Amino acid sequence: MTASAQMTIDPRFILPFDSATDADHPRMGGKCASLARMIAMGVPVPRGFAVATDAYAAHLAATGLEAAIREELSHLDTHNVTDEEARSQAIRHLVTERAMPTEVETAIRAAYALMSPANDLPVAVRSSATAEDMPDASFAGQQDTYLWVVGADEVVAKVRSCWASLFTARAMSYRADHNLGQIEVLMAVAVQEMVDARSAGVAMTLDPINGDRTKIVIDASWGLGESVVSGEITPDNFMVEKVLMQV
């Protein structure tokens, strides 16, 4: 996004990756903050923007949604799978069916229009909660990502769906197990240009089994990386020695 284009973005709700500062990172969630850091370091990252946690907070406040969610959570029993799933579905329905505040929706549409004046750019819409990528809680695969989303209407709808994915049964159980709270966790959302990958995956700059920093461990598969992250497939595994760069 150009400097002139950024002037039209509502900074209360939209944070472009390429202009975000360290001060913005708490409002971007773990995933979006990492993307902004990589861009600042010169790493090639597909363009995009974060829908800030303030947008989600505004959605909770403007629609009376927070009180309704708290009521459902007050009866939550994470040890009762049937009850937990029923309350998860009820909360997610509340989040997706309540109208998004007009100023938030307008900001999202404007930011997408700057990326796609013809309203036809495929993007990934990715959850980025404030509790992600913590030292003892990664949340990998716990919340939702939507790929090949096209058009402002669909982007707005999928942002709301990402907010709702804070309350999947698996995410609520994970937060309960790690004492992270429920309504206290906020959600930012990444809207990022799609890359039609031939192959993709996850690279770790140490061996996650024993912490050996002389190794790079890569899990990869053909196609997009989402199938690796979500655990849908068993990926190919590579271990690279950093000094000699040998597999």
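Structure first, text after, so check above.
This structure is a prediction, so every number in the text was calculated from the model and none was measured. (Residues numbered from 1 in each chain as written. Predicted model: local features only at pLDDT ≥ 70, side-chain atom pairs only at ≥ 80, totals over all residues. Heavy atoms only, no water.)

(A) Structural view of the sheet that holds strand β3 (residues 123–129). Strand order across the open sheet formed by 5 strands is β1-β2-β5-β3-β4, with antiparallel pairing between neighbours. In this open sheet, the two edge strands, each paired with only one partner strand, are β1 (14–16) and β4 (145–149). Each adjacent strand pair in this sheet contributes to an overall mean axis angle of 20 degrees, direction not counted. Looking at chain direction, strand β2 (residues 48–51) and strand β5 (residues 187–193) are connected through 4 bridges and run antiparallel. Within the sheet, the bridge partner assigned to Ala50 lies in β5 and is Ala190. In this fold helix α6 (residues 102–115) packs onto β1, β2, β3 and β5, with an angle of close to 175 degrees to the strand it touches most, β2. (Pairing = 2+ DSSP bridges. Helix = DSSP H or I, 4+ residues; strand = E, 2+ residues; numbered from the N terminus. Axes fitted to C-alpha atoms, helices over the stretch in contact; angles between N-to-C directions. Contact = heavy atoms within 4.5 Å.)

(B) Structural view of the nonpolar core. Ranked by internal contacts, the top residues of the largest apolar core, which has 42 residues, are Val51, Val159 and Trp163. Counting residues per element, the ones that place at least two in this core are β2, α3 (53–62), α4 (65–73), α5 (81–97), α6, β3, α7 (152–164) and β5. If we skip the residues at most four places from it in the chain, Val159 touches Val51, Met100, Ile108, Val125, Val189 and Val191. Grouped together as the second largest cluster of nonpolar side chains are 12 residues, Cys32, Leu35, Ala52 and Ala190 included. (Core = buried A, V, L, I, M, F, W, Y, C linked by side-chain atoms within 4.5 Å. Buried < 20%, exposed > 50% of the residue type's maximum accessible area, 1.4 Å probe, protein only.)

(C) Highlighting a nonpolar patch on the surface. Residues Met38, Met41 and Val43 make up a contiguous nonpolar surface patch of roughly 290 Å² in combined accessible area. Tracing the sequence through the fold places Met41 in the loop between α2 (29–40) and β2. What makes Met41 exposed here is its relative accessible area of 69%. (Patch = residues over 30% accessible without salt bridge, like charges linked within 9 Å, V, L, I, M, F, W, Y side chains within 5 Å. Areas by Shrake-Rupley, 256 points an atom, 1.4 Å probe, with all protein chains shown as cover. Salt bridge = Lys/Arg side-chain N within 4 Å of Asp/Glu carboxyl O.)

(D) Region of the structure containing the sheet that holds strand β6 (residues 199–204). Pairing within the open sheet is antiparallel, and its 3 strands lie in the order β6-β7-β8. Two strands lie at the open edges of the sheet, namely β6 and β8 (236–241), each paired on one side alone. On average, adjacent strands in this sheet sit at an angle of 25 degrees to one another, irrespective of strand direction. Alignment of strand β7 (residues 215–222) against β8, held across 6 bridges, turns out to be antiparallel. Across the sheet, residue Ala220 finds its bridge partner in β8, namely Asp236.

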